[in-house]
Amino acid sequence: MWSYITRRTVQALFTLLIITVLCFLLTRFSGDPLAQYAANPRMSAEDKAALRERLGLNQPLPIQYFKWLGLALQGDLGQSFFSKQPVSEMIAQRLPNTLILMFTTEIVTVSIALVLGILSAVKQYSATDNIITSFSFVGYSIPIFFSALGLMLIFAVQFKEWGLPYLPTGAAVWDKKDPVEYIKNLILPVSALVIVQTAGYSRFVRSSMLEVLGLDYVRTARAKGLTSKVVLYKHALRNAALPLVTLVGLDIPFLLGGAIVTESVYSWPGMGRLFWEYAQRSDYPVVLGVLLIVSTAVVVFTIITDVLYTFVDPRIRLS
Amino acid sequence: MKHKLFALLSLFVLASMILSACGGTATEAPATEAPATEAPTAVATEAPAACAPAGTEPIAFPDGGKSVTGAFDQEPDSIVPYFTQMSFAVWVTQLTLVGLAEWDDQSNFVPELAAEIPTTENGGVSADGLTITWKLKDCLFWSDGTPLTSADVKFTWEAIVDPGNAVATKTGYDKIASVETPDDLTVVLNFAELYPPWQTLFTQGPNNSGAILPVHILGGQTALESNDFIHQPTVGTGPFVITEWVPGDFMTLLPNPNFFAGRAILDRVQIRFVADSAAALAALQTGDVDWYPNYSEGDIATISALEPDVKLTVVAGSDFEHYFFNLGRVDGVDGRGKADNEGFCPFKDINVRKAITLGINRQAIVDTLLSGFTAVPVSQWPNTAWTNTNLTVEGYDPDAAAALLDTAGYTLGADGVRVGDCNGVSTKLSFNFETTTAPIRIDAATAVQADLAKIGVEFTPIHTPAGTFFGQYVDGGPLTTGNYDMGGYTTGFYPDPYTDNFQCESVPNAEKPDGTNWYHNCDPFLSDLIDSSLGTVDTAARKAIMDEAQKYIAENYYVIPMYARGDVFGSTPRFIFGPMGPQSNINWNAELWDVQE
């Protein structure tokens, strides 16, 4: 076990190193951080050259990378080129907001997906199953920007126009210490994310349940005279939900990255917006900082999931 | 295991909520109650009696006070203008840290902290133009009650030119040899050489941003770029003071009790950081925000359809979109202005340049894409006092354009594209046009492509992200390397007409990668003519030079002024703001903002 964990950790470090190189190159080649100043006649050629030197952009790319890596290894993700704030501080400011949005979404998604998936599996090929299946495909196919904007237009803009109680667009200044305000502002972004994610998860639960319901031990349980509820929830669901737990576990690190589109539409001050906002300005210390946090989380959670699997399923051995 | 995982998830959410609640991300400055004797909605015109500050803290927001919320789709980086070139940051600067003077809605240069504008007549501008004397208003105070004096102006200059401070630009300030402060109200700027655009220093205009910095807070410090005050000044000279700023979320501004023109009418201004104009538009419709300042011309029709629930305001700006030809010559002209890449050969013929200019229906672009709100500019400096009013726009004339191309020797080929001889080489009038991915640029380029196809010119638009389009020389940016045929972007008045975009010495090449002559056009006459405008501070003499330069550029069809850009604002009907002009946005007199319920 320990030799496996050591080996995976060493592999993970190499993986992270490669990820940082790729992210660095992609970010640097995506645009010049000083391009926004290019057409500004107030900045002379000397001003631009001085700024480039101060930001270290005049140095060869490998030197820029190793300088950044050297600091990152010491836990210093550097400073934003433009806001001059430490990147770790900027991430710490946004991370709680993203965690609240994404974990709420995950919990709601899993809850709804379980209900819909089980219902769909138990009533296979019935009208209920067909309706759930159709809505799943529709939900899965709708681009998130469309559902997010659509929900806002209906439940915020149109509801107000129709004189009905309406939900906030998220763009107002609201008190984050007021739980009622918080929940009101969470409803639309969470709904937009849930529509897309539930579709995929519910299909997963449905197929998993169908597989389990056809197994011998379920038939045996029924033959023993157990009620269908007990068979379903105590015997079938326990095994059917196992892969779902793994799926959720693997999704957790990605939640740290936030949801760029949803956070943008609803002005949610999270990691996704931080990434997008600074990526547009080619402020690569911020972009790399966010990417490093997310990729480290992915790598770490993958190892943890692998290890946990041995506890969940004794048939699996790590070697 | 599953239960444990869900417990863990719940723990995460709980921890996040606690973190968020404890936050600590906002930095709040203390605020005091408004003095009971002060009329909350009146704008005083008198300075505080006997030179005493009206307060030492921003005026607290009273119950039921007047408040507006703006939406910005970019969060300002540094509010002190010398450390940023970001428009959104400069807009907040206008609300919080003012300069010696500014341009008003009628494009007049009017005093702010200064008592008057220096002129030759009032002795503010010396006969040789090398000494500018500014007089400050009496009884000026910072928002914390500290007197604002000439020492603050002198410190501001010292901070800008101090090599220990990483300012974004020193342009102009580095021409000042010394600053004298004979008394608390007098500042004497001694220039080492003539600097005719002196009005752009320590002042706030359409594209320049100055402000006076507090010596009592920043004096004796260096590396100011990392100073908290630079990022978030909690003491100011503008109508409002920043009292709270939650990164990525919002900022709150409360009235400055010591603002030189009196207390602002509004009791609070909040600025919410949103992702884009679509989010801002929905928020305007629900009244969640009161104004959004950054719509593009392409949004005019959308906002217009929402009136009167959303109010549309479009003001023709002094910026304009221009198309231009790459006129690079690898050998330069008389050894000056050598480019690394040779421009598209047919563009060296004035007839071809003129034909392309006449072959584009610019008025149709203004009428359709800009809903007729702006106009086709006549020259380089539209909507300003520097415009050469004797020039007229040459209208769309495809027949004349075709005739000119015939004269130049380019005849229609079998594929409908003209071919001719250029320096002994058979050349097709087929070339690329490079610009950014902004929607209005895509629409305009598509219209131009169709127009030029009618006269046998194959114009192929290439849209690249701004970061690549304006990329630096070493990264192969098309503009800097001259690796393009035609190009287009927005340029303008900043707010002095001097430009080094036409100088032979500014043509970028491997030795001068930061050169700003992206037309790669070395015309020694034009280059020297524009440079001669730096030889005098006499405005009339400079106007004559600039008139001639505009005429010369127009007659040689070096650039095609396409359309004046519009400043497009969306606001709620309750938000009342003052008039805007080509050189001023809504922030220039924010102390007069009001709400009407």
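Conventions we followed
- Residues numbered from 1 in each chain as written.
- Chains lettered and ligands numbered in written order.
- Predicted model: local features only at pLDDT ≥ 70, side-chain atom pairs only at ≥ 80, totals over all residues.
- Helix = DSSP H or I, 4+ residues; strand = E, 2+ residues; numbered from the N terminus.
- Buried ≥ 20, exposed ≤ 12 C-beta atoms within 10 Å, placed from the backbone.
- Contact = placed C-beta atoms within 7 Å.
- Rg over C-alpha atoms; globule rule 2.2 N^0.38 Å.
- Core = buried A, V, L, I, M, F, W, Y, C linked by C-beta atoms within 7 Å.
- Nonpolar A, V, L, I, M, F, W, Y, C, P; charged D, E, K, R; others polar.
- Axes fitted to C-alpha atoms, helices over the stretch in contact; angles between N-to-C directions.
- Parallel < 35°, antiparallel > 145°, perpendicular 65-115°, else oblique.
- Left-handed = near helix turned anticlockwise from the far one by under 90°.
- Pairing = 2+ DSSP bridges.
- Expected span 1.5 Å × (residues − 1).
- Arc of directions from axis to C-beta.
- pLDDT = per-residue confidence, 0-100.

Caption draft 1: Inspection of the overall build of chain A at higher detail. Per the secondary structure count, chain A includes 13 helices and 0 strands. The order of helices and strands in chain A, counted from the N terminus, is α-α-α-α-α-α-α-α-α-α-α-α-α. Dimensions of chain A along its principal axes, counting C-alpha atoms only, are 85 × 65 × 35 Å. Expressed as a percentage of its 319 residues, the buried residues of chain A come to 40%. Taking the contacts inside chain A whose residues are at least 6 apart along the sequence as the reference set, 69% of them involve residues at least 24 apart.

Caption draft 2: Structural detail: the overall build of chain B. Within chain B, the secondary structure is distributed over 15 helices and 20 strands. Its C-alpha atoms give chain B a radius of gyration of 27 Å, near enough to 25 Å, the size a compact globule of 597 residues would have. Taken along its principal axes, the extent of the C-alpha atoms in chain B is 80 × 80 × 50 Å. Buried residues in chain B amount to 53% of all 597 residues. Counting only contacts in chain B whose residues sit at least 6 apart along the sequence, the fraction spanning at least 24 positions is 68%.

Caption draft 3: Structural detail: unusual backbone geometry. All names here are of chain B. That bond from Glu307 to Pro308 is cis: its omega, 5 degrees, falls within 30 degrees of zero. For Pro308, the location among the structural elements is in the loop between helix H7 (300-306) and strand E11 (311-325). The phi torsion at Ser107 lies on the positive side, around 65 degrees, for a residue other than glycine. Within the element layout of this structure, Ser107 appears in the loop between strand E2 (101-103) and strand E3 (109-111). One non-glycine residue, Cys139, lies in the positive phi region at around 55 degrees. Looking at where Cys139 falls in the secondary structure, it is placed in the loop between strand E4 (131-135) and helix H3 (150-161).

Caption draft 4: Looking closely at the nonpolar core. Counting 220 residues, the largest nonpolar core has Val290(A), Leu113(B), Ala280(B), Ala283(B) and Leu405(B) as the members making the most contacts within it. With 14 residues, helix H5 (residues 87-122) of chain A is the largest single contributor of residues to this core.

Caption draft 5: Geometry of the interface of chain B and chain A. Contact with chain B, which involves 61 residues of that partner, is made by 59 residues of chain A. Those elements that place two or more of their residues in the side of chain B that touches chain A are helix H1 (2-22), strand E1 (67-72), strand E9 (268-273), helix H6 (277-286), helix H12 (466-469) and strand E17 (486-491) of chain B. No other element matches the 10 residues that H1(B) contributes to the side of chain B that touches chain A. Considered class by class, the residues forming the side of chain B that touches chain A number 26 nonpolar, 25 polar and 10 charged.

Caption draft 6: Focus on the packing of helix H9 (residues 362-369) of chain B against helix H11 (residues 439-453) of chain B. All names here are of chain B. For the pair H9 and H11, interaxial distance at closest approach is 10 Å and the crossing angle is 140 degrees. The angle between H9 and H11 falls in the class oblique. For the pair H9 and H11, the crossing hand works out as right-handed. In contact with Ala364, Ile365 and Leu369 of H9, H11 contributes Ile440, Asp443, Ala444 and Ala447. Broken down by class, the residue content of the contact of H9 with H11 amounts to 6 nonpolar, no polar and 1 charged.

Caption draft 7: Representation of the pairing of strand E18 (residues 559-571) of chain B in the model. Residue and element names in this part refer to chain B. Most of E18 is tucked away: 13 of the 13 residues are buried. Summarising the sheet, strand E10 (residues 291-295) and E18 pair through 3 bridges and their orientation is antiparallel. Across the sheet, Tyr292 pairs through a bridge with Gly570, a residue of E18. Examined bridge by bridge, E11 and E18 share 11 bridges and lie antiparallel to one another. Counterpart to Tyr323 in the pairing with E18 is Ile560.

Caption draft 8: Summary view of H11(B). Residues and elements named next belong to chain B. Between the first and last C-alpha of H11 there are 21 Å, a value that for 15 residues agrees with the 21 Å anticipated at 1.5 Å per step. By the burial criterion, the buried members of H11 are Arg441, Ala444, Ala445, Val448, Asp451 and Leu452. Buried positions in H11, seen along its axis, are confined to an arc of 120 degrees and lie on one side of it. Exposed side chains of H11 directed beyond 90 degrees from the buried face belong to Thr446 and Ala450.

Caption draft 9: A look at the sheet that holds strand E6 (residues 186-191) of chain B. Residue and element names in this part refer to chain B. Spatially, 3 strands are ordered E4-E6-E5 in an open sheet, and the strand pairing comes out antiparallel. Each of the sheet's edge strands pairs with one partner strand only, and the pair in question is E4 and strand E5 (176-183). When the angles between neighbouring strand axes are averaged without regard to direction, this sheet yields 20 degrees. Sheet topology note: the E5/E6 ladder contains 5 bridges and is antiparallel. Among the inter-strand pairings, Ser178 is bridged to a residue of E6, identified as Asn190. Relative to the sheet, H3 contacts E5 and E6, its axis offset from that of E5 by approximately 165 degrees.

Caption draft 10: Molecular detail of the packing of H5(A) against helix H12 (residues 271-280) of chain A. Residues and elements named next belong to chain A. Across the interface, H5 lies against H12 with an axial gap of 7 Å and an inter-helix angle of 135 degrees. What the angle tells us is that H5 and H12 run oblique. For the pair H5 and H12, the contacting residues are Met90, Arg94, Leu95 and Thr98 in the first and Met271, Gly272 and Leu274 in the second.

Caption draft 11: Examining the sheet that holds strand E14 (residues 425-428) of chain B more closely. All names here are of chain B. Judged by pairing direction, the sheet is antiparallel, and its 3 strands sit side by side in the order E12-E13-E14 without closing on themselves. What marks the edges here is a single partner per strand, and that holds for strand E12 (411-412) and E14. When E12 meets strand E13 (residues 418-422), the two strands line up antiparallel, connected through 2 bridges. Bridge pairing in E13 places Thr411 opposite Val419.

Caption draft 12: Focus on the confidence of the model for chain B. Residues and elements named next belong to chain B. This prediction gives chain B a mean pLDDT of 87; 91% of its residues lie at or above 70. Predicted confidence is poor over residues 1-48, with pLDDT under 50, and the contacts of this stretch with residues over four places away or in other chains come to 71 contacts. As a predicted assembly, this complex carries a pTM of 0.79 together with an ipTM value of 0.77.

Caption draft 13: Quick peek at the environment of Ser202(A). All names here are of chain A. Relative to the elements of secondary structure, Ser202 occurs in helix H8 (residues 179-213). Distance in space between the C-alpha atoms of Ser202 and Val110 is 8.2 Å, their sequence separation being 92 residues. Apart from the residues lying within four places of it in its own chain, the contact partners of Ser202 are Ala113, Leu116, Gly117, Ser120, Ile132 and Ser136.

Caption draft 14: Main features of the pairing of E1(B). Residue and element names in this part refer to chain B. Burial analysis of E1 places 5 of its 6 residues in the buried class, which makes it a mostly covered element. Across 6 bridges, E1 lies against E9 in parallel orientation. Counted as the bridge partner of Thr69 is Gln270 from E9.

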